[in-house]
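Understanding the architecture of this molecule
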Protein chains: 4
Amino acid sequence: MIFASDNWAGADERIVEALAEQARLGGPAYGGDALTKAVVDRFSEVFGREVAVFFVGTGTAANALGISAYGRPGGIVFGHAQAHINVDEANALEFLGGVKIVALEGEGGKLAPGGLAEAIAAYPEQGFHHGQPVAVSITQATELGQVYLPEEISAIASVAKRRGLALHMDGARFAGAVSSLGLPPAEVTWKAGVDVLSFGGTKNGCLAAEAVIFFNPADARDFGFMRQRIGHAFSKAWFVAAQFSAYFDNDRWLTLAGQANAQAKRLAEGIRSCDEARLALEPAANEVLAVLGAGLDKRLKAAGAVYHPWSSAGLPAASLPGPEEVLVRLVTSFRTSDAEVEQLLALLGAG
Amino acid sequence: MIFASDNWAGADERIVEALAEQARLGGPAYGGDALTKAVVDRFSEVFGREVAVFFVGTGTAANALGISAYGRPGGIVFGHAQAHINVDEANALEFLGGVKIVALEGEGGKLAPGGLAEAIAAYPEQGFHHGQPVAVSITQATELGQVYLPEEISAIASVAKRRGLALHMDGARFAGAVSSLGLPPAEVTWKAGVDVLSFGGTKNGCLAAEAVIFFNPADARDFGFMRQRIGHAFSKAWFVAAQFSAYFDNDRWLTLAGQANAQAKRLAEGIRSCDEARLALEPAANEVLAVLGAGLDKRLKAAGAVYHPWSSAGLPAASLPGPEEVLVRLVTSFRTSDAEVEQLLALLGAG
Amino acid sequence: MIFASDNWAGADERIVEALAEQARLGGPAYGGDALTKAVVDRFSEVFGREVAVFFVGTGTAANALGISAYGRPGGIVFGHAQAHINVDEANALEFLGGVKIVALEGEGGKLAPGGLAEAIAAYPEQGFHHGQPVAVSITQATELGQVYLPEEISAIASVAKRRGLALHMDGARFAGAVSSLGLPPAEVTWKAGVDVLSFGGTKNGCLAAEAVIFFNPADARDFGFMRQRIGHAFSKAWFVAAQFSAYFDNDRWLTLAGQANAQAKRLAEGIRSCDEARLALEPAANEVLAVLGAGLDKRLKAAGAVYHPWSSAGLPAASLPGPEEVLVRLVTSFRTSDAEVEQLLALLGAG
Amino acid sequence: MIFASDNWAGADERIVEALAEQARLGGPAYGGDALTKAVVDRFSEVFGREVAVFFVGTGTAANALGISAYGRPGGIVFGHAQAHINVDEANALEFLGGVKIVALEGEGGKLAPGGLAEAIAAYPEQGFHHGQPVAVSITQATELGQVYLPEEISAIASVAKRRGLALHMDGARFAGAVSSLGLPPAEVTWKAGVDVLSFGGTKNGCLAAEAVIFFNPADARDFGFMRQRIGHAFSKAWFVAAQFSAYFDNDRWLTLAGQANAQAKRLAEGIRSCDEARLALEPAANEVLAVLGAGLDKRLKAAGAVYHPWSSAGLPAASLPGPEEVLVRLVTSFRTSDAEVEQLLALLGAG
């Protein structure tokens with residue numbers, strides 16, 4: 001019963017097979033191979049628009065580089081306090097771009113247009129002391145398992161554009177969000193005002209496959225140099241391309257994400273009907289934040305369930321754990337089996 | 001007939017199999033899995049000493065991070081003018097560490113202890129204008145296909161240590177050098193004074209497997225943060241570990257490198273006995289620098305041979321191409337087949 | 001009636017005279033002159049301890065460099081949300097050191113030990129994602145005109161030391177604080193646990209004279225390089241030394257600061273007895289934060305008073321301006337004349 | 001007899017007086033004062049064109065910031081091996097901009113258009129490994145006391161422009177060059193293709209007055225932020241403005257530089273007619289590189305002459321010192337007196 005993180009899962013069999021097959025073939029280095037070219041084109045199809053695509057090794061690199069492409073001296077980036085860029089990337093943005101992240105609150109890890117507008121307004125257009133706003137970053141699905149609707153993204157984009165800021169989306173769990181919404185990828189990205197997307201495959205069945213997607217290819221003018229100078233230009237680029245190729249075949253990416261989401265939904269239902277547990281937030285993708293009674297927590301662990309306690313930062317007051325309770329995060333993945341879920345549900349006394 | 005680069009080869013079948021197997025298992029993220037731990041221990045065995053091991057995505061990252069670990073404000077790094085760190089990494093070291101690379105000449109891509117000592121001496125111990133020497137970097141095998149003997153490394157190390165500089169080795173083709181020398185890895189690294197090694201697997205049968213090896217683990221104090229802030233901490237670290245595991249099994253890494261070296265030797269012999277071609281340098285590993293007559297060059301290409309023209313920088317005067325000649329680099333790999341070599345030899349009119 | 005800022009004042013006559021005299025003499029460059037050496041020694045006397053002293057051009061440089069001297073990869077610095085380092089330095093710390101500033105609240109611009117301890121505790125000792133705490137920065141006097149008592153500094157230092165963090169003090173208005181407290185400089189710096197001080201002269205009668213003071217000279221090992229690589233090593237270093245020489249002669253620095261503080265006190269008394277105005281905070285040095293009725297504000301400006309509206313961030317609820325009120329900052333300086341103060345007091349209808 | 005450096009001189013009396021006068025007045029901070037505005041306009045007059053002017057504290061800051069304004073990821077800057085940016089700035093450019101300096105040889109510290117073109121051509125327009133050329137930097141007068149003619153600058157500019165590179169001029173000794181050439185400043189700057197100039201006053205009679213001059217003001221879009229984030233925005237900006245104001249009054253800058261140049265010319269004549277000394281280069285401004293017999297060197301020092309031995313790097317073979325000789329640099333300044341020169345000439349046995 002592994003609910004620790006979606007990056008504990010191995011990799012999807014078909015993705016591994018595609019990789020193995022391409023490994024037998026090899027090909028020109030640094031993306032000069034036919035498969036890499038085909039996959040780049042596939043991204044344009046997936047998003048219904050010509051995009052510029054750059055493979056990188058991790059989501060942290062995708063975020064830091066994608067946002068830095070819009071950096072300027074004294075650049076200010078607005079993001080959620082619980083965002084990965086703010087708490088998990090060891091100052092990548094600050095170090096690589098001299099950027100300051102202005103951390104905002106917002107329910108469920110989502111930015112609110114009003115709060116964002118206020119934060120931006122605190123930076124006057126004149127002067128040189130305060131730095132200059134350059135970008136807004138949102139996470140889809142959020143670090144707290146929530147999903148932005150297209151109109152929510154548009155509202156944020158509209159606030160950003162008024163001041164000429166770029167809109168970045170951290171899509172480490174983009175597939176889960178798209179699957180949850182049941183909408184074309186374009187609807188929650190460029191059509192809603194997103195300029196650059198960190199497109200993640202690793203948490204959803206790949207081994208290591210991340211990409212930075214620019215919806216206005218001209219924005220990527222210097223990106224090749226930016227990527228190389230932090231060592232993210234893979235010589236055997238086909239090793240990423242092969243993963244993405246299988247990922248997109250027959251919408252496998254959405255199938256995998258759908259499986260993870262469905263298991264999260266089952267967990268949520270079990271928690272909802274359990275006396276000793278409650279949902280801290282209604283999950284929209286594959287992350288379930290729940291408050292467990294201390295006794296239940298102990299029993300689950302004793303039975304072999306693996307999951308992490310979680311910070312209550314960013315949660316509504318009603319969701320905070322009480323004195324004999326603990327807040328935990330349960331993450332499902334494409335690999336989460338019915339047996340694992342059923343075993344947990346049984347322990348919850350649900351169903 | 002692909003002699004363009006060793007990174008055009010795909011990946012070794014056993015390495016891919018090991019990867020596929022581990023992909024089925026998955027495991028804790030960020031190196032918490034058993035395989036990653038075992039592989040880290042394996043590195044200590046391979047080098048006959050406890051080492052600190054950090055996986056990264058590319059050789060460029062390994063070099064830039066490994067050297068930066070010894071950085072100081074105003075840091076000066078001494079390296080060969082043709083070194084990868086100087087000409088191929090889009091200023092990674094300068095950008096990440098504010099380092100200046102002092103580029104030195106030296107036959108076959110090798111630094112000469114005398115020239116190095118002179119270059120270091122130009123930086124006075126007092127004052128703050130000129131920056132402070134912090135490290136020396138050498139490449140094994142060199143970018144021009146040469147291999148340092150242990151005593152040559154010791155001589156360089158001794159010059160470096162006199163001023164307290166760290167010695168870094170770019171081992172993108174380390175396996176080829178070790179196979180060529182037939183010596184234990186320890187003899188050409190820490191026993192000869194190397195402090196940190198960029199250990200490359202990608203050019204020798206892996207898909208993407210590079211590591212930074214610190215021979216004094218205490219030097220790696222901040223390395224986890226340094227690696228994360230440029231996005232090289234893979235969540236599914238086992239994807240690198242699985243490659244290295246198969247790489248070391250039964251000394252497969254040396255077998256693969258030995259195959260590449262042997263084919264390079266056959267090419268060299270063919271060139272030596274060809275009227276229209278000559279060796280620019282005697283190859284010691286898997287890179288053959290040759291001067292071809294323009295007619296031969298045309299015939300080879302027409303017959304389907306793939307290789308790159310090469311810069312004559314760093315070559316002895318006698319090796320420079322004449323008016324109707326072209327300098328080329330032919331690289332063999334673990335995948336180079338006897339058929340490919342024989343076809344080329346036939347075109348050379350050799351054998 | 002200039003109450004806009006203490007950096008609007010010119011420079012003290014004796015300081016200018018000392019500068020002019022030294023300008024006639026000249027001397028060896030980069031601090032090799034006798035005056036610079038004497039002034040460095042004078043700093044040790046002033047602080048009752050051997051200190052390392054480095055002149056720089058601005059307070060921003062002093063802060064960014066002084067803190068960066070304690071930087072490490074992924075470094076986290078804790079400071080007040082209204083601190084100059086957080087809102088006025090165009091990301092100097094982020095850019096120069098890849099540092100993230102964690103902005104804390106605290107009354108009157110002062111950090112509270114409890115809140116600081118909590119914020120530090122949020123950064124676990126293990127792992128590499130979150131960065132590593134390296135320093136705490138406080139401002140003396142604060143940006144809101146408050147002054148830390150020695151025991152308050154000690155309490156903060158004690159929280160910092162428990163985790164091995166350095167304690168930096170932004171002393172752009174250090175003279176004002178020392179004058180206000182009537183204590184030896186040592187009591188509010190190294191004896192209370194401060195490691196490094198940005199010692200400002202510019203706001204208190206100098207033209208441009210700032211210094212970074214290390215209370216443990218060994219901490220300054222690389223500082224000469226750090227300063228040079230952002231261009232703050234003045235060739236004619238005596239131009240700063242001459243200012244500081246006169247600044248310290250006969251405790252002129254404290255006389256000048258005392259004058260500014262006294263005028264601020266008079267302003268505060270006037271505001272206290274005025275019906276249309278109230279103090280937002282009780283001033284401890286030369287900055288008076290006041291809430292003015294809109295009508296009074298208009299009358300003052302019409303009469304020629306120059307001052308800035310101010311952000312209410314960091315103020316207690318009771319101090320916030322109401323609907324027909326405006327929050328303003330009135331700053332006095334060594335140059336503020338009795339006539340200016342009396343004219344303002346008259347307009348306030350006070351006294 | 002001080003010939004150590006032109007930054008050993010104090011400051012010109014009228015410049016100090018202007019400073020003292022403005023210090024009595026004070027004024028709005030950060031360049032909002034009338035004098036600063038007037039001086040900015042004066043720069044436009046001096047150069048016969050609207051320019052953007054930014055004061056900074058040192059020539060190192062001027063160079064690093066001025067060039068960085070044209071930086072791009074992986075940026076390559078071409079400059080002379082003996083240039084201040086390459087050997088005296090503790091990696092400022094590398095640190096602040098991630099730039100690599102490609103160091104070129106050239107007689108007397110001057111770049112040769114041919115060598116420059118060749119060096120640029122080594123960087124292909126395609127690809128991302130090698131970085132991208134962004135700027136060329138020349139020094140006027142050079143570090144070896146030579147002066148570029150307008151047509152020499154134009155030739156370099158033409159090579160630079162062909163590849164879209166910016167042309168930067170390090171004018172730490174710009175006044176000396178203009179005085180030596182007897183040409184309007186425009187002729188050796190923007191009319192010859194210079195984009196950005198580090199305009200130095202410190203070595204020619206100011207205390208600390210340097211400026212970055214953009215000939216296309218639009219290039220300075222982000223410069224205010226760039227300057228602030230390394231702490232070079234002086235709050236009392238009038239302290240620089242006052243110096244420049246007196247500097248330009250009655251062409252005082254050219255008078256001062258002319259005096260220094262004239263004394264250098266007298267020294268050169270003395271050396272030319274001395275049996276134990278010879279000129280290493282014919283001086284064009286205020287730096288005289290000379291080869292002295294070891295005995296003469298000893299006698300000069302014993303008599304109280306102060307000067308530095310100098311590196312022979314960049315000198316023509318005929319100028320290199322022999323076994324019993326030493327290469328020295330003698331620098332004159334606006335302060336160098338007839339008496340000092342005559343004393344030295346007497347010791348040379350000249351005249």
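Residues numbered from 1 in each chain as written. Chains lettered and ligands numbered in written order. Predicted model: local features only at pLDDT ≥ 70, side-chain atom pairs only at ≥ 80, totals over all residues. Heavy atoms only, no water.

**What to know about the overall build of chain A**
Helix and strand counts for chain A stand at 13 helices and eleven strands. Taken over C-alpha atoms, the radius of gyration comes to 20 Å for chain A, in line with the 20 Å a tight globule of 351 residues would show. C-alpha atoms of chain A, sized along the principal axes, occupy 55 × 55 × 30 Å. Counting all 351 residues of chain A, 65% fall into the buried class. Partitioning the intrachain contacts of chain A with sequence separation of at least 6 by distance along the chain shows that 76% fall at a separation of at least 24. Of the roughly 11,600 Å² of accessible surface on chain A, a fraction of 52% belongs to carbon and sulfur atoms. Between the centroid of the 28 positive side chains of chain A and the centroid of its 38 negative side chains there is a distance of 4 Å. (Helix = DSSP H or I, 4+ residues; strand = E, 2+ residues; numbered from the N terminus. Rg over C-alpha atoms; globule rule 2.2 N^0.38 Å. Buried < 20%, exposed > 50% of the residue type's maximum accessible area, 1.4 Å probe, protein only. Contact = heavy atoms within 4.5 Å. Areas by Shrake-Rupley, 256 points an atom, 1.4 Å probe, with all protein chains shown as cover. Lys, Arg positive; Asp, Glu negative; His and termini not counted. Charge placed at Lys NZ, Arg CZ, Asp CG, Glu CD.)

**Side note on the interface of chain B and chain A**
With 46 residues of chain B in contact, the opposing surface of chain A contributes 47 residues. Across the interface of chain B and chain A, roughly 3,700 Å² is buried in total on both sides, 60% from carbon and sulfur atoms. Applying the counting rule to chain B against chain A returns two salt bridges. Residue Glu13(A) is joined to Arg24(B) by a salt bridge in which the shortest nitrogen-to-oxygen separation is 3.2 Å. Looking at the side of chain B that touches chain A element by element, the count peaks at six residues for helix H1 (residues 13-25) of chain B. (Buried area = accessible area lost by both parts, 1.4 Å probe. Salt bridge = Lys/Arg side-chain N within 4 Å of Asp/Glu carboxyl O.)

**Observations regarding the sheet that holds strand E2 (residues 75-80) of chain B**
All names here are of chain B. Taken together, the seven strands give an open sheet; going across it, the order is E1-E7-E6-E5-E4-E2-E3, and neighbouring strands pair in mixed fashion. What marks the edges here is a single partner per strand, and that holds for strand E1 (52-56) and strand E3 (100-104). In this sheet, adjacent strand axes meet at a mean angle of 20° when their direction is disregarded. Across the face of the sheet, helix H7 (residues 150-162) comes into contact with strand E4 (132-139) and strand E5 (166-171) while running at roughly 145° to E5. Across the face of the sheet, helix H10 (residues 238-248) comes into contact with E1, strand E6 (196-200) and strand E7 (210-214) while running at roughly 85° to E6. (Pairing = 2+ DSSP bridges. Axes fitted to C-alpha atoms, helices over the stretch in contact; angles between N-to-C directions.)

**Some thoughts on the environment of Gly293(A)**
Residues and elements named next belong to chain A. With respect to the element layout, glycine 293 can be found in strand E9 (residues 287-293). Between the C-alpha atom of glycine 293 and that of asparagine 63, which follows or precedes it by 230 residues, the distance is 36 Å. Discounting chain neighbours no more than four positions away, the residues touching glycine 293 are Glu276, Glu324 and Glu325.

**Some points on the pattern of salt bridges**
All names here are of chain A. For the coordinates displayed, the defined rule picks out 76 salt bridges over all chains. A salt bridge links aspartate 6 to arginine 173; the shortest N-O distance between them is 2.7 Å. You can see aspartate 6 sitting in the segment before helix H1 (13-25) and its partner arginine 173 sitting in the loop between strand E5 (166-171) and helix H8 (174-181), a full 167 residues away along the chain. Across the pair, arginine 173 and aspartate 6 agree in class, each one buried.

**Structural notes on the pairing of E4(B)**
Working note: regular strand, side chains alternate between the two faces of the sheet. Residue and element names in this part refer to chain B. Most of E4 is tucked away, with eight of its eight residues classed as buried. Note that E2 and E4 share four bridges and pair parallel. Considered in E4, the bridge of phenylalanine 78 is made with valine 136. Looking at chain direction, E4 and E5 are connected through five bridges and run parallel. Across the sheet, residue threonine 139 finds its bridge partner in E5, namely aspartate 170. As for the winding sense of the linkage, the β-α-β connection from E4 through H7 to E5 is right-handed. (Right-handed = clockwise from strand over helix to strand, strands pointing away.)

**Some points on the relation of the copies chain B and chain A**
For the match of chain B to chain A, the screw axis carries a shift of 0.0 Å, the RMSD comes to 0.0 Å, and the turn is 180°. In short, the pair behaves as if placed about a two-fold rotation axis. Counting the interface residues of chain B, we find that 100% of their copies in chain A are interface residues as well, pointing to one common contact surface. (Least-squares fit on C-alpha atoms with pLDDT ≥ 70 in both.)

**A few points about the packing of aromatic side chains**
Taken as a whole, this structure holds 102 aromatic pairs over all chains when the rule is applied. Taking the centre distance of 6.2 Å and the plane angle of 90° together, the rings of Phe199(D) and Tyr247(D) count as edge-to-face. You can see Phe199(D) sitting in strand E6 (residues 196-200) and its partner Tyr247(D) sitting in helix H10 (residues 238-248), a full 48 residues away along the chain. The exposure class of Phe199(D) is buried, given its relative accessible area of 1%. Pairing Phe234(D) with Phe239(D) gives two aromatic rings, centres 5.1 Å apart and planes at 90°, and the pair type is edge-to-face. For Phe234(D), a relative accessible area of 6% corresponds to the buried category. Grouping aromatic residues by their ring pairs yields a cluster made of Phe43(A), Phe47(A), Phe55(A), Phe174(A), Phe199(A), Phe215(A), Phe244(A), Tyr247(A), Phe248(A) and Trp253(A). In this structure, Lys110(C) is placed above the aromatic ring of Tyr148(C), and the distance from its NZ or CZ to the ring centre is 5.6 Å. One residue, Arg229(D), lies across the ring of Phe95(C), its end atom 3.6 Å from the ring centre. (Phe/Tyr/Trp six-rings, centres within 6.5 Å; stacked < 30°, edge-to-face > 60°. Lys NZ or Arg CZ within 6 Å of the ring centre and 35° of its normal.)

**Brief notes about the pairing of strand E9 (residues 287-293) of chain D**
All names here are of chain D. The element E9 is largely enclosed, with a buried count of seven among its seven residues. In terms of strand pairing, strand E8 (residues 277-279) meets E9 through three bridges, oriented antiparallel. Its bridge partner being in E9, alanine 277 is matched across the sheet by leucine 292. Bridge count for E9 against strand E11 (residues 325-331) is seven bridges, and the pairing is antiparallel. Within the sheet, the bridge partner assigned to valine 288 lies in E11 and is leucine 330.

**Structural notes on the interface of chain C and chain D**
Residue-level contacts link 46 residues of chain C with 46 residues of chain D. When chain C packs against chain D, the two sides together hide about 3,700 Å² of surface, and 60% of this comes from carbon and sulfur. When the area that chain C buries against chain D is broken down by residue, the three leading residues are Phe95(C), Arg229(C) and Lys236(C), summing to 19%. Counting the contacts that link chain C with chain D gives two salt bridges. At the level of elements, helix H1 (13-25), helix H3 (59-68), helix H5 (92-97), helix H9 (223-228) and helix H10 (238-248) of chain C are the ones that each hand at least two residues to the side of chain C that touches chain D.

**Looking at the nonpolar core**
Core analysis: the largest hydrophobic core is formed by 133 residues, its most contacted members being Phe43(C), Phe199(C), Phe43(D) and Phe199(D). Non-local contacts of Phe199(C), meaning those with residues more than four positions away in its chain, are made with Phe43(C), Phe47(C), Gly171(C), Phe174(C), Ala209(C), Glu210(C), Ala211(C), Ile213(C), Phe244(C), Tyr247(C), Phe248(C) and Trp253(C). Within the second largest apolar cluster, 129 residues are counted, among which are Met169(A), Cys206(A), Val39(B) and Cys206(B). (Core = buried A, V, L, I, M, F, W, Y, C linked by side-chain atoms within 4.5 Å.)

**Describing the relation of the copies chain C and chain D**
The pair of chain copies shares a relation made of a rotation about an axis and a shift along it. The two copies are related by a screw motion: chain C maps onto chain D through a turn of 180° and a shift of 0.0 Å along the axis, at an RMSD of 0.0 Å. Take the interface residues of chain C: 100% of them recur as interface residues in chain D, which is what a same-surface contact looks like.

**Quick word on the environment of Ala317(D)**
All names here are of chain D. Among the secondary structure elements, alanine 317 is positioned in the loop between strand E10 (308-309) and E11. Its relative accessible area of 66% is what places alanine 317 among the exposed residues. Sequence separation between alanine 317 and alanine 280 is 37 residues; the distance between their C-alpha atoms is 9.6 Å.

**Regarding the domain arrangement of chain A**
All names here are of chain A. Here chain A is described as being made up of domain 1 (12-250) and domain 2 (253-348). A C-alpha centroid distance of 27 Å is found between domain 1 and domain 2. Carbon and sulfur atoms make up 57% of the surface buried where domain 1 meets domain 2, a total of about 1,900 Å² over both sides. Of all residues in domain 1, Leu144, Arg173 and Asn204 give up the largest surface area on contact with domain 2, accounting jointly for 25% of the area buried on that side. In this assembly, domain 1 and domain 2 are joined by nine residue pairs in polar contact (both at pLDDT 80 or more). Looking at the side of domain 1 that touches domain 2, the elements that each hand over two or more residues are H8 and helix H10 (238-248). A class-by-class count of the residues in the side of domain 1 that touches domain 2 yields twelve nonpolar, twelve polar and five charged. (Domains from an automatic or database assignment. Polar contact = N/O pair within 3.5 Å; in protein donor to acceptor, adjacent residues only side chain to side chain. Nonpolar A, V, L, I, M, F, W, Y, C, P; charged D, E, K, R; others polar.)

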